[in-house]
Amino acid sequence: MADQTLPFAPASPWLRVDIWLFRRLGAGRGPVAALVLARLVARWSWLPLLALVVLVSLPHPLGPALALLCLSWAGLVQLAGKRLARRWQAQRPFALGLCPNHLGHGGRAGFPSSHALVMGAVLGALLPHTGSGALITAMAAVALATGWARVHTGAHFPLDVLAGLALGLASGLAFGLVLPT
């Protein structure tokens, strides 16, 4: 199945699915207001997530140590994800010419999404340590909004984000379960 609007035929079924999803979501293009919102969310969504980490950590017996452990784990997960991305060399949508480079990213590989890995790891690590469904829902909403923004700005394909969230969530949950409650 050669795509007539690309200067190449996507070799892998994975990439064909990603391109199809990317286009069906209207990513990379669209109303200026949506792109402005997506750029804001893509760049600044770490702030509300950090605030939520603090809200979960303060009443916890570990206190601020829980936040530090969680964020340290997320940093290690991010480093591992970047090594995987370098190894797999999956191009980002803007690098394939599917849309403009709305975030001014370099050409490094984008699978899995580091943002999604980190947000998934934070969410997973804190899941066993909060009794508040509202805080977990808020963290999940921030992670999903960030994923949408990263796709909409052409920084990632949808499967980059889904894989990042899944890997981050699994690793974070494994880490969170070994921490004292």
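Residues numbered from 1 in each chain as written. Predicted model: local features only at pLDDT ≥ 70, side-chain atom pairs only at ≥ 80, totals over all residues. Heavy atoms only, no water.

## Some words on the overall build of the chain
If you tally the helices and strands in the chain, you get seven helices and zero strands. For the chain, the N- to C-terminal ordering of α and β elements is α-α-α-α-α-α-α. Its C-alpha atoms give the chain a radius of gyration of 17 Å, within 12% of the compact-globule value 16 Å for 181 residues. Its C-alpha atoms give the chain principal-axis dimensions of about 60 × 35 × 25 Å. Every one of the 181 residues in the chain was classed for burial, and the buried ones make up 46%. (Helix = DSSP H or I, 4+ residues; strand = E, 2+ residues; numbered from the N terminus. Rg over C-alpha atoms; globule rule 2.2 N^0.38 Å. Buried < 20%, exposed > 50% of the residue type's maximum accessible area, 1.4 Å probe, protein only.)

## Here we look at the environment of Leu126
Position of Leu126 among the secondary structure elements: in helix H5 (residues 114–126). For Leu126, a relative accessible area of 0% translates into the label buried. Sequence spacing of Leu126 and Gly172 is 46 residues, and the spatial spacing of their C-alpha atoms is 7.8 Å. Apart from residues lying up to four places away in sequence, Leu126 is in contact with Val53, Val56, Leu66, Cys70, Ile136 and Met139. (Contact = heavy atoms within 4.5 Å.)

## Observations regarding the nonpolar core
Counting 36 residues, the largest nonpolar core has Phe22, Val122, Leu126, Met139 and Phe157 as the members making the most contacts within it. When residues of this core are traced back to their parent elements, those giving at least two are helix H1 (13–24), helix H3 (46–57), helix H4 (64–88), H5, helix H6 (133–152) and helix H7 (158–178). Looking at this core element by element, the count peaks at eight residues for H5. Look past the residues within four positions of Met139 in its chain and what remains in contact with it is Leu49, Leu52, Val56, Val122, Leu123 and Leu126. Membership of the second largest hydrophobic core comes to six residues, among which are Ala38, Ala42, Leu103 and Ala155. (Core = buried A, V, L, I, M, F, W, Y, C linked by side-chain atoms within 4.5 Å.)

## A look at unusual backbone geometry
Each neighbour pair has its own omega, and for Phe111 with Pro112 the value is -5°, a cis peptide bond. With respect to the helices and strands, the residue Pro112 is situated in the loop between H4 and H5. In this model, Gln89 sits at a positive phi of 50°, which is unusual for a non-glycine residue. Here Gln89 falls in the partly exposed class, since its relative accessible area comes to 44%.

## With respect to the packing of aromatic side chains
Under the counting rule described, the total for this entry stands at five aromatic pairs. Considering the side-chain rings of Trp14 and Phe111, the 5.3 Å spacing of their centres and the 85° angle between planes classify their relative orientation as edge-to-face. You can see Trp14 sitting in helix H1 and its partner Phe111 sitting in the loop between H4 and H5, a full 97 residues away along the chain. Among the residues examined, Trp14 registers a relative accessible area of 44% and is labelled partly exposed. A centroid spacing of 5.6 Å and a plane angle of 70° characterise the contact between Phe22 and Phe157, whose relative ring orientation is edge-to-face. On the criterion of sequence distance, the pair formed by Phe22 in helix H1 and Phe157 in the loop between H6 and H7 is long-range, its members being 135 residues apart. With respect to class, Phe22 is no different from Phe157; both count as buried. Chaining the aromatic ring pairs together yields one cluster made of Trp14, Trp88 and Phe111. (Phe/Tyr/Trp six-rings, centres within 6.5 Å; stacked < 30°, edge-to-face > 60°.)

## Concerning the environment of Gly120
Tracing the chain through its elements places Gly120 in helix H5. Note on Gly120: relative accessible area 1%, which makes it buried. Counting along the chain gives 46 residues from Gly120 to Ala166, while the straight-line C-alpha distance between them is 6.9 Å.

## Some details on the confidence of the model for the chain
Looking at the chain, pLDDT values average 91 and 94% of them are 70 or higher. No element of the chain has a lower mean pLDDT than H1, at 91, and none a higher one than H7, at 97. (pLDDT = per-residue confidence, 0-100.)

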